[in-house]
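# Observations on the model geometry
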Amino acid sequence: MRNLIARSLRLKLFLLFALLLIGFSSVHLLIRYAWTVPQFIELEVENDKKDIRKLGSAFSRIQSEMQRLIYDNAVWDEMIRVIKERDLTFLEENYHIPESLASLNLNGMHFYDASGEAVSHFALENNGAVISDSLFQTANSTQKRQFLIVKEPEIPAAKELKFKSGIIQGKQHPVLFVSGSIVPSTGVGDVVGTMLVWTYLDEKVSQQLNDLMQRQIALFEYSALPQGKSVIPFDKYQDYPQIRSSYQKIYISFNDVNGKTSIVMAYAKPKRMFDDNLLEYSMGIALLSSILILALIYLLINKMVIIPLTSLRETVVKVIDQGNYSQATNIQRQDEIGRLASLIDGLFATVNSQQTILVEANKKLKKLSDTDELTNIANRRSLMQFLEMIEKQRELSLFPVSMIMLDIDHFKTYNDFYGHIEGDNALMKVATGLSRCCRRTLDFAGRYGGEEFLLILPGASESSAVRTANRLKELVIEERIPHGTSEVAEFITVSQGVITVSPDANTQPMELVQAVDECLYKAKDSGRNAIAIC
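Residues numbered from 1 in each chain as written. Predicted model: local features only at pLDDT ≥ 70, side-chain atom pairs only at ≥ 80, totals over all residues. Heavy atoms only, no water.

### With respect to the sheet that holds strand β9 (residues 261-268)
What counts here: Think of it this way: DSSP has to see at least two bridges between two strands before they count as a pair. Runs of H or I in DSSP of at least four residues are treated as helices and runs of E of at least two as strands, each being numbered from the N terminus. Working convention: axes come from line fits to C-alpha atoms, limited for helices to the stretch in contact. Angles between N-to-C directions cover 0 to 180 degrees. Here a residue-residue contact requires only that any non-hydrogen atoms of the pair lie within 4.5 Å.
Read from one edge of the open sheet, four strands run β6-β9-β8-β7, paired in mixed fashion. Sheet topology places β6 (218-221) and β7 (231-233) at the edges, where each strand pairs with a single neighbour. Going across the sheet, the axis of each strand differs from the next one's by a mean of 30 degrees, ignoring polarity. Here β7 runs beside strand β8 (residues 249-255); their pairing, made up of three bridges, is parallel. Residue pairing for β8: proline 233 is matched across the bridge by serine 253. Its contacts with the sheet place helix α2 (residues 9-74) against β8 and β9, and it is angled at close to 125 degrees to β9.

Okay, here's the thing in structure tokens:
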């Protein structure tokens, strides 16, 4: 059996694929069991805890808004006067306003003196009915210590601003309250009383939480929650290894000022984004697909590798045995086996193929050296070569040559204002317009440098060149490229110099370029967005 395996490439290949399949399945199961699923669960738990933190922050924000209201009104010298003098008229005119209470999402506002005696009460039901027996109006001294800042006989009088907040059980339902000491505007001084605001933990608070969390938050009294629900205390959620349960919602409980569970907030648990089963459906599909793919690969390798290699070996053995090197492998393929056979059949064909590739590469390099990289039209080097060729031809055929040099007006300020990327885009658009003006076979356009372009028109008369310049001017204006720093127009414009050289003129290419460049400067001096004919 060992000799059979050693001598058979097909059998080795089959065993290799079988081992690959077993290894792939084992590794996939191990990774999924030991790393993938636990990582997904850990990430899910962390996201769930992050949601709970956000819920707690949203609830704290509601309390902070109530605390800010107290700060704005209790830390005030005028309020000290009102409490000391028990100015009920002031409180009724400024604070006993039903609309204001409703707009602040509150149900009650109360004022007490430093000893805890009531100065003023104002409380309303959600329907606007006056409340006269709320906890904050009927509380005894022990209850008041839970929500008021009062002077204790054995403790020195407070000299600075203090707050109390939390959930407390009202007459019928839990309420959220915030109280703060009434002190001078400096925030430090004798405490003359307490200001307290409260709201039912009902739909108002639920809507505020919805707005802050951007999801539906439901509020329940803990005593009214159905039995069997998995409730997570807010002050202990970090200790929980799992947040989700079999229920569709996540329930978070909050304690009142006495440490007893009072209310529960519930929200729909986010959809699980993974399957935690070890042998998931996709795993079975992957295994079946792997078997089919490996079988197909085996058949393909047998046909495309093993059989051709066997044929190649037989041919080589035959050539060596016979000493006749004129024989061919008769393998016509483009892959590694075909290249190996091609090398055996003849080295000269391979060398010829490499030479053809090298020639094509040199042509591409030559084209790249004559083309401006940004605008994809001729560069300065190519322009000068074309001019030299035209001048030699003109000496024999005696035809005129017209040239147009173009410059974008105030391009430096355009680049400084809009940036080099927009500047490059403007250059490409102008180059496109220049190419559209090359209508005849010998018309040649290129980028001379920077924002200057050159258009060579062999055989064109002066009038024809001027028409081309006007057409080019219109094409640039039609692009309507914004130019907020131009002194000429609100869009990009160009200045052009036009020259025409007669057939009998004896000029050199650089002389022509200098002449059309001087003509361009005349156009600039005339106010730009102009065409100068020289």
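### Notes on the pairing of strand β4 (residues 174-182)
We apply this condition: Categorising residues by exposure relies on relative accessible area from a 1.4 Å probe, with only protein chains included: less than 20% of the type maximum marks a residue as buried, more than 50% marks it as exposed, and the intermediate range marks it as partly exposed.
Counted residue by residue, β4 has nine buried out of nine residues, so it is predominantly covered. In this structure, strand β3 (residues 163-169) lies alongside β4, joined through seven bridges in antiparallel fashion. Opposite serine 165, over in β4, you have valine 178 as the bridge partner. In this antiparallel pair of consecutive strands, β3 and β4, the connection spans four residues. Note: β4 against strand β5 (residues 193-200), eight bridges, orientation antiparallel.

### Section: the pattern of salt bridges
As a reminder, the rule being used: A pairing counts as a salt bridge when a side-chain nitrogen of Lys or Arg comes within 4 Å of a carboxyl oxygen of Asp or Glu.
Scanning the model with the defined rule gives 15 salt bridges in all. Its salt-bridge partner being arginine 68, residue glutamate 65 comes within 2.9 Å of it at the nearest N-O pair. Placement of the pair is glutamate 65 and arginine 68 together in helix α2, with a separation of three residues, close to one helical turn. Its relative accessible area of 42% is what places glutamate 65 among the partly exposed residues.

### A word on unusual backbone geometry
If you check the backbone angles, asparagine 376 has positive phi at about 65 degrees while not being a glycine. Counting through the fold element by element, asparagine 376 comes out in the loop between α11 (347-369) and α12 (380-397). Classification of asparagine 376 by relative accessible area gives exposed; the value is 63%.

### Side note on the state of the cysteines
What counts, and what does not: Working definition: a disulfide is two cysteine sulfur atoms within 2.5 Å of each other.
Summed over all chains, the structure comprises one disulfide. A disulfide-free cysteine, cysteine 437 has its sulfur positioned 7.1 Å from the sulfur of cysteine 438, the nearest such atom. Classification of cysteine 438 by relative accessible area gives partly exposed; the value is 23%.

### Description of the packing of aromatic side chains
Selection criterion: Two rings belonging to Phe, Tyr or Trp (six-membered ring only in the last case) form a pair when the distance between their centres is within 6.5 Å. Interplanar angles under 30 degrees mark stacking, angles over 60 mark edge-to-face geometry, and anything in between is tilted.
This structure, assessed with the given rule, holds 16 aromatic pairs. With 6.1 Å between their ring centres and 55 degrees between their planes, tryptophan 76 and phenylalanine 90 make a pair best called tilted. One end of the pair, tryptophan 76, is in the loop between α2 and α3 (77-85); the other, phenylalanine 90, is in helix α4 (residues 88-94), with 14 residues separating them in the sequence. We classify phenylalanine 90 as buried; its relative accessible area is 15%.

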